[in-house]
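Spelled out, the chains give:
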Amino acid sequence: MEGQQRNPPFLLEKDRRFLESIRGNILTETEKVGCAEPGPSEERYIIYSNAFDKIIEYVSAYKNILTSIKQEYEAFITSIKNGQRNVFFLRGRLKALESESTALLYYRKRAMELEDKIKAIEKNSAKIENEILKIQNIGKVSSETFGTQEKTVHPAKPIPGKSKVLLDSLSKHLAQLDRRLLELKKDGDGKYVPRQKKTKLEQELLHLLAIRDTAEAKRDKLKLRFTRFLTGFLFKASHFVYVYLFSVCIAYTLYFFFLFTSFSELFSSGQYDAAATCAINSPGEILCNEEALKNLKSLSCLEGRNLPLLKYFDSLINASTAAGRLPNLPVTLEAIKCALSEKQLNLVNHWVTQQRLTFSEAVGDLIYDYGKEEPNNMLECLALAQAAYGHSGAYKKVALCLCKQGRIAGAVDYIQQVERFSLDDYFFLLENCPSTALIRCLSQQWIRKTPFSSMGATILSFISAEHKKHGFQLLEEMNNKNALEKIILSDTVSTLEDWNKIAVTCAENKHEKLSQKIVSVLTSQGGVFDNSRLEDEKDTRIME
């Protein structure tokens, strides 16, 4: 918005005045608060936000979209501010963590110094204690020897009788002392160093510590400079990104607004081909979504007729096909609804046969329900719905359409090809098309090949799921073909008790012949089962 932007050629005079007023208002407010130059400023953010609110109020058709866009950018700016605060906090935290290593080193150095002082004090204390003990011992010795007569012995005079022994022992002791002296000299040369060398090493250590302290101080200064530089750079970059994204958002908003205005003018003037081309080429096909179609319905009502809208849909489908893609599902559904409301089934037939729609089960349901409302077009609707169901994978409804068209054998062949029919799918088919011909074809198929685990399990499922009528019809068809005994005997899954339940259910529902047939087959095999319920049911019938 800050740059010199040209107005689109299709801009209305009212919209042009509104856009110029927004630009003038932004320039006036930025000069008034002193933030006309680009840079970080909270006032500029407030001015642009208010301008965005005015645009949202002016563009009522896309108020929800623009409001959500504004909320996303406000959340983005808030996250940037929170990031700046976190940077400031983390910088202080980082500085504290960095100083911990230096402080720990100083603490260790101070601890070593204190340990040396403690050792020196302990050494001095031991020396003083020894001197005190010596003084005490001297006092005791003098007091004990006081008054005794001293005998003086000449040190050079030999002891009578022991001079030779003492000389040998002293010679040996002297030799031991000499050896010990040599060992101590060797140990001293390897283990101890002169005091001057220790002093020199301590001075070198102090010099190295001073160098390290200087390097750490320089490193802290460089880190602080880098952090300040990075913080300033991020702040400037975030402000630039915000202004850029805000300008792009406003530009896209105005573009979508003027695009919809141009589309509305083309549609209102009857230029349906141009309007369809504009909708197909819109970014993200925004003019083909559900919200755009709802707004389009409000523009297309003409004396209760939808002919303009139908012409537009036809042009839109043709334009999509020419562009190499199919219209999306909302457009497909709305186009079919519009065509059927105008009783233009031939147009729907053209779209379906040429495969110019996005097929789904909902598309087939629309056409199938229309055939119920228009019985004269029922067969054509069934064929079209069958094609839609087939493309969308609704196999049970494809079979239903075939049955409704009287193609029972074709439906059975289709079921065999699909091989995805469940028991619920058969129930659906029999509920919506309760045909004797269908039951007969199913019985012929199931005599040749059991569709599920066994025929007994299938019949039990029918009579226990409130589909007794269809189950009895299947049994009657099998009995008429003299295949019931073969089916019972070849059933290796269902037990005698299961078939006994089927016989009891047949007797309870007035199918005595079927019940007797099943019981006779079971008894012929030597099966043992409880048929008391059958006898009770027979007695009840006689009493009635």
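Throughout, residues of each chain are indexed from 1 in the direction in which the sequence is written. Owing to the predicted nature of the model, reporting of local features is limited to residues with pLDDT of at least 70; listing and counting of side-chain atom pairs is limited to 80 or more, with chain, interface and lining totals taken over all residues. Water and hydrogen atoms were dropped before computing side-chain values, which therefore reflect all heavy atoms in the structure.

The protein is annotated in an unreviewed UniProt entry as Clathrin heavy chain linker domain-containing protein 1 from Anas zonorhyncha.

A. Quick look at the overall build of the protein. By the criteria applied, helices consist of DSSP H or I runs no shorter than four residues and strands consist of E runs no shorter than two, each listed in order from the N terminus. Within the protein, the secondary structure is distributed over 22 helices and zero strands. Looking at the protein as a whole, 33% of its 544 residues are labelled buried. Taking all contacts inside the protein whose residues are at least 6 apart in sequence as the whole, residues at least 24 apart take part in 66%. Under the convention used here, a 1.4 Å probe and the Shrake-Rupley method define accessible areas, while residue burial counts only the protein chains that appear. Accessible area of the protein: about 35300 Å², with a carbon and sulfur share of 56%. Only protein chains enter the accessibility calculation, which uses a 1.4 Å probe; a residue whose area is less than 20% of its type maximum is buried, one above 50% is exposed, and one in between is partly exposed. A contact between two residues is defined here by any heavy atoms of the two lying within 4.5 Å.

B. The packing of aromatic side chains, seen in detail. For Phe, Tyr and Trp, rings pair up if their centres lie within 6.5 Å, where Trp contributes its six-membered ring, and each pair is then called stacked (planes under 30 degrees apart), edge-to-face (over 60) or tilted (otherwise). Taken as a whole, this structure holds two aromatic pairs when the rule is applied. Centroid distance Tyr312 to Phe313: 5.8 Å. Interplanar angle 50 degrees. Geometry classified as tilted. Since its relative accessible area comes to 0%, Tyr312 is described here as buried. Geometry around Tyr106 places Arg212 over its ring, the cationic atom sitting 6.0 Å from the centre. Comment: the charge-over-ring label is applied if NZ (Lys) or CZ (Arg) is within 6 Å of the ring centre and within 35 degrees of the ring normal. Positioned over the ring face of Phe428 is Lys396, at 4.7 Å from the centre of the ring.

C. Here's a closer look at the nonpolar core. Only buried residues count toward a nonpolar core, which is a set of Ala, Val, Leu, Ile, Met, Phe, Trp, Tyr and Cys residues joined through side-chain atoms within 4.5 Å. Within the largest apolar cluster, 89 residues are counted, with the highest numbers of intra-cluster contacts made by Tyr312, Phe313, Leu316, Ile367 and Ile518. Residues within four places of Ile367 in sequence aside, it is in contact with Ile336, Val348, Val352, Cys381, Leu384 and Ala385. Core analysis: the next-biggest nonpolar cluster, separate from the first, contains 14 residues, Ile55, Val59, Leu66 and Ile286 among them.

D. Region of the structure containing the layout of surface pockets. Considering only enclosed or pocket space, the largest pocket measures out at about 650 Å³ in volume. As for the largest pocket, its lining consists of 17 residues, of which Met112, Glu113, Asp116, Lys198 and Glu202 are closest to the centre. Elements represented by at least two residues in the lining of the largest pocket include exactly helix 3 (63-144) and helix 5 (195-268). A total of ten residues in the lining of the largest pocket trace back to one element, the largest contributor, which is helix 3. For this scheme, ten residues count as nonpolar: Ala, Val, Leu, Ile, Met, Phe, Trp, Tyr, Cys and Pro. Four count as charged, namely Asp, Glu, Lys and Arg, and the remainder, Gly too, count as polar. Looking at the lining of the largest pocket residue by residue, the class counts come to eight nonpolar, no polar and nine charged. A cavity here means a set of points on a 1 Å grid, drawn over the protein atoms and nothing else, where a 1.4 Å probe fits but cannot get out; a pocket is an open set with protein on both sides within 12 Å along at least five of seven lines, and a residue lines either one if it has an atom within 4 Å of a point. Grid points are joined across faces, edges and corners, and a volume is the space filled by probe spheres set on the points.

E. Region of the structure containing the side chain of Thr505. By the secondary structure assignment, Thr505 is in helix 20 (residues 496-508). Here Thr505 is in contact with Ile463 and Phe472, once residues within four sequence places are set aside.

F. Representation of the pattern of salt bridges. Here a salt bridge means any side-chain nitrogen of Lys or Arg lying within 4 Å of a carboxyl oxygen belonging to Asp or Glu. Applying the stated rule across the entire model yields eleven salt bridges. Note that Glu20 is salt-bridged to Arg23, the shortest N-O span being 3.7 Å. On the criterion of helical spacing, the pair formed by Glu20 and Arg23 is a turn pair, its members being three residues apart in helix 1 (residues 13-33). With relative accessibility at 15%, the residue Arg23 sits in the buried group. Shared partners join several salt bridges into a network, and the residues in it are Asp53, Lys70 and Glu74.

G. Quick peek at helix 9 (residues 329-341). With 13 residues, helix 9 should cover 18 Å at 1.5 Å per step; its first-to-last C-alpha distance of 18 Å lies within 8% of that length. The set of residues buried in helix 9 consists of Val331, Thr332, Leu333, Glu334, Ala335, Ile336, Cys338, Ala339 and Leu340. Whenever two N or O atoms come within 3.5 Å, that pair is a polar contact, provided that in protein one can donate a hydrogen and the other can accept it, and provided that, for residues adjacent in sequence, both atoms are side-chain atoms. Two or three places before Val331, at the opening of helix 9, Asn328 has a side-chain oxygen 3.0 Å from that residue's backbone nitrogen. Positive backbone phi, approximately 60 degrees, marks Lys343, located one or two places after helix 9. Helix span is expected to be 1.5 Å times the residue number reduced by one.

H. A look at a nonpolar patch on the surface. Together, Phe226, Phe229, Leu230 and Phe233 make up an exposed nonpolar region whose accessible area comes to about 450 Å². Mapped onto the secondary structure, Phe233 falls in helix 5. Each patch is built from residues that are more than 30% exposed by relative accessible area and take part in no salt bridge. Like charges join if they lie within 9 Å; nonpolar side chains (Val, Leu, Ile, Met, Phe, Trp, Tyr) join within 5 Å.

I. Summary view of helix 13 (residues 395-404). By the criterion of burial, helix 13 is predominantly enclosed, with seven of the ten residues buried. Every buried residue belonging to helix 13 is among Lys397, Val398, Ala399, Leu400, Cys401, Leu402 and Cys403, and all of these are buried. At the exit of helix 13 stands Gly406, carrying a positive phi of roughly 85 degrees.

J. Seen up close, a positive patch on the surface. Two residue types count as positive, namely Lys and Arg, and two as negative, namely Asp and Glu; His and chain ends fall outside the count. In plain terms, the charge of a residue is placed at NZ if it is Lys, CZ if Arg, CG if Asp and CD if Glu. A cluster of like positive charges, contributed by Lys123, Lys127, Arg195 and Lys198, occupies part of the molecular surface. Secondary-structure elements contributing two or more residues to the positive patch are helix 3 and helix 5. Judged by relative accessible area, which is 69%, Arg195 ranks as exposed.

K. Up close: the packing of helix 1 against helix 2 (residues 42-58). The convention used is that axes are lines fitted to C-alpha atoms, helices contributing only their stretch in contact, and that angles between N-to-C directions extend from 0 to 180 degrees. Between helix 1 and helix 2, whose axes approach to 10 Å, the crossing angle comes to 165 degrees. Relative to helix 2, helix 1 is oriented roughly antiparallel. Helix 2 is crossed by helix 1, and the crossing has right-handed handedness. On helix 2, the residues that touch Lys14, Asp15, Phe18, Ile22, Asn25, Ile26, Glu29, Thr30 and Val33 of helix 1 are Glu43, Arg44, Ile47, Tyr48, Ala51, Lys54, Ile55 and Tyr58. The residue makeup of the contact of helix 1 with helix 2, split by class, is nine nonpolar, two polar and six charged. Each angle gets one of four labels, with under 35 degrees taken as roughly parallel, over 145 as roughly antiparallel, 65 to 115 as roughly perpendicular, and the rest as oblique. Two helices crossing with the near one rotated counterclockwise from the far one by less than a right angle form a left-handed crossing, whereas a clockwise rotation gives a right-handed crossing.

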